[in-house]
Every structure is written in C-alpha cells, then in structure tokens.
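# Commentary on secondary and tertiary structure
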Amino acid sequence: GRELAWIGMVLTLPECRGRGYARLLMKEALAWVERRGILWTKLDATDMGHHLYESLGFRDEQPVERWKRAPAGGDFRAPELAFGMDAELDRQAFGADRARLLEFFRRFEAASVPSGGFAMGRPGNAAAYFGPCVCRRPEAARVLLEWFLARHFGEPVYWDILPSNREALRLAGEYGFEKQRVLMRMGRPSPGATRPIENNDALVFGLAGFEYG
C-alpha cells in the first residue's frame, strides 16, 4: 500500500561508523519511499540512531519496550486454538494495511479467539517471539499469551509492548516477564501527507517487532 513504509534495521560495522554511511542509506531509503508516493515512514530507534533520524525529519511518537521471560519448568498443554484473520481489527489497531506481513507471519504460529483477537509467534536466534497480538479485550490477550507460553515453556520468550497499553504491561509482569530495553518509535511524513496515521494502541497487546512495527 501507500499508507506506511517501515525502516526495519540500520546497521553499521563499528569500524565503519562516523563516515556517513547510515545517513546515506537512510536518504536512499526515504527517496525510495517518496518516489512511490508512500505517505508516512516509521521506525523504532535506538539511542545510537535517534539523532540521525531526528535530523532527517523523524519525530518521536512514543517509547516501545522489549520484555523477556526466562524458560519455565514443568509441562504445559497448549490449548487448541484455530486461527481466523481479522483484517479490520488489525487496521484499526495498527492504522495501516499490513495483510501481506501477517500472511507471512501466520506460516509460523497463529491463533485467535473468536470476536476477541489474534496472536502470532515465530522462532528467533535468542528466544521465541510473541507477537503481533491484537485484541479487543485483555481477557482474549491472556488466552493467547497462555497459548503461546504453553507451546514454548522451555524457552526464553521475547515480547515487545507499547507501554501506553497498561493492560499488556500488567500481563507481562503477571506472567514473569521483565523489561529488557526501550526504543523510541518515530514517524516522518512524506510531502503530501496531510494527517497522521490513526491507530489504537489499546488494541495492540504485542508488536510485530522493532523491525516490523
């Protein structure tokens, strides 16, 4: 679509920093966005990259947090949950159409609660990843979180959360997650963007990831 582009990751080798490579890459990416008429670009910035993005026209929107849960002992039976995509709920939560991204994620793990919401998960190098999770009410998010944790009880689990969703933070603390790091979500309008993207953080119980939004 033409609503939103996401900068997934900007990496520079330590021995190559300070030479303007990251700035050059970002300018090229933003030019690509504008040539295609995409209205907004967003990213989740580390402290190291924040000044660069700010100088290129990005502005702070809100912090985003990574939480981690250590492997749990015992033996847990995951509930059997089917999956049904609720594209309208996701658009209301996220503010843009990301159907293609969700179709990619559902190939790993996906479940939903009828009329309640959905969640997905995927493997990672350091931990299993819970998210995205989009729900109309906290009770549905709890069911989906327990579904995922039961499937990964012997593994560490990452969960990226918008701290503006207090119910998500409460669930994270209740289920033994601890906050690991904080990034800053930033947005930049392209020429021609007349209004911000309308999203609903109260529905977002888990991000797709810092690199995906």
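Throughout what follows, the structure given in this document is the object of discussion. (Residues numbered from 1 in each chain as written. Predicted model: local features only at pLDDT ≥ 70, side-chain atom pairs only at ≥ 80, totals over all residues. Heavy atoms only, no water.)

## Focus: the packing of helix H5 (residues 138-151) against helix H6 (residues 166-174)
We count it as follows: Inter-axis angles, ranging from 0 to 180 degrees, are taken between N-to-C directions of lines fitted to C-alpha atoms, where helices are fitted over the stretch in contact. Secondary structure elements are taken from DSSP: a helix is a run of H or I of four residues or more, a strand is a run of E of two residues or more, and numbering for both begins at the N terminus. For any pair of crossing helices, the crossing counts as left-handed if the nearer helix is rotated counterclockwise from the farther one by less than a right angle, and right-handed if it is rotated clockwise. Residues are treated as being in contact if the distance between any of their heavy atoms lies within 4.5 Å. Each residue gets one of three labels, nonpolar for Ala, Val, Leu, Ile, Met, Phe, Trp, Tyr, Cys and Pro, charged for Asp, Glu, Lys and Arg, and polar for the others, Gly among them.
Contact pair H5 / H6: the axes reach a minimum separation of 10 Å and the direction vectors enclose 35 degrees. Where H5 crosses over H6, the two elements pack in a sense that is right-handed. Of H6, the residues touching H5 (which contributes Pro138, Ala141, Arg142 and Leu145) are Glu167, Arg170, Leu171 and Glu174. Considering only residue class, the contact of H5 with H6 consists of 4 nonpolar, no polar and 4 charged.

## Focus: the packing of aromatic side chains
The line we're drawing: Stacked, tilted and edge-to-face are the three classes assigned to paired rings of Phe, Tyr and Trp, where Trp is represented by its six-membered ring and a pair needs centres within 6.5 Å; plane angles under 30 degrees give stacked, over 60 edge-to-face, the rest tilted. Accessibility here uses a 1.4 Å probe with only protein chains present; expressed as a share of the type maximum, an area under 20% marks a residue as buried, one over 50% as exposed, and anything in between as partly exposed. Only lysine NZ and arginine CZ atoms are considered, and such an atom sits over a ring when it is within 6 Å of the ring centre and within 35 degrees of the ring normal.
Taken as a whole, this structure holds 10 aromatic pairs when the rule is applied. Here the aromatic rings of Trp6 and Phe94 are separated by 6.3 Å at their centres, their planes lie at 35 degrees, and the arrangement is tilted. Here the residue Trp6 occupies a position in strand E1 (residues 4-6), and Phe94 occupies one in helix H3 (residues 87-94), the gap between them amounting to 88 residues. Its relative accessible area of 14% is what places Phe94 among the buried residues. Relative to Phe58, the ring of Tyr53 has its centre 6.1 Å away and its plane inclined at 70 degrees; by these criteria the two rings are edge-to-face. By relative accessible area, which is 8% here, Tyr53 ends up buried. The buried category is assigned to Phe58, whose relative accessible area is 0%. A connected cluster of aromatic rings, assembled from ring pairs, spans Phe130, Trp147, Phe148, Trp159 and Phe177. The ring of Tyr158 has Arg66 lying over it, and the distance from NZ or CZ to the ring centre is 4.7 Å. When the ring centre of Phe94 is taken as origin, the NZ or CZ atom of Arg98, which lies over that ring, is 4.3 Å away.

## Points about the packing of helix H1 (residues 21-35) against helix H2 (residues 47-55)
As a reminder, the rule being used: Angles below 35 degrees are treated as roughly parallel, those above 145 as roughly antiparallel, those between 65 and 115 as roughly perpendicular, and all remaining angles as oblique.
Relative orientation of the contacting elements H1 and H2 amounts to 45 degrees, with a least axis distance of 11 Å. Taken together, the axes of H1 and H2 are oblique relative to one another. Between H1 and H2 lies a crossing of right-handed hand. On H2, the residues touching Ala22, Arg23 and Met26 of H1 are Leu52, Tyr53 and Ser55.

## Some thoughts on the pairing of strand E5 (residues 117-122)
Every other side chain in a regular strand lies on the same face of the sheet, so the side chains alternate between the two faces. As a reminder, the rule being used: Only strands joined by at least two bridges in the DSSP assignment are considered to pair.
Counted residue by residue, E5 has 6 buried out of 6 residues, so it is predominantly covered. Residues Gly117, Ala119 and Gly121 line one face of E5 and the alternating positions Phe118, Met120 and Arg122 line the opposite face, and both faces are buried. Where strand E4 (residues 109-113) hands over to E5, the hairpin turn is made up of 3 residues, of which Ser115 adopts a positive phi near 65 degrees. Looking at chain direction, E5 and strand E6 (residues 128-135) are connected through 5 bridges and run antiparallel. Bridge assignment links Phe118 to a residue of E6, and that residue is Val134. What sits between the antiparallel neighbours E5 and E6 is a turn of 5 residues.

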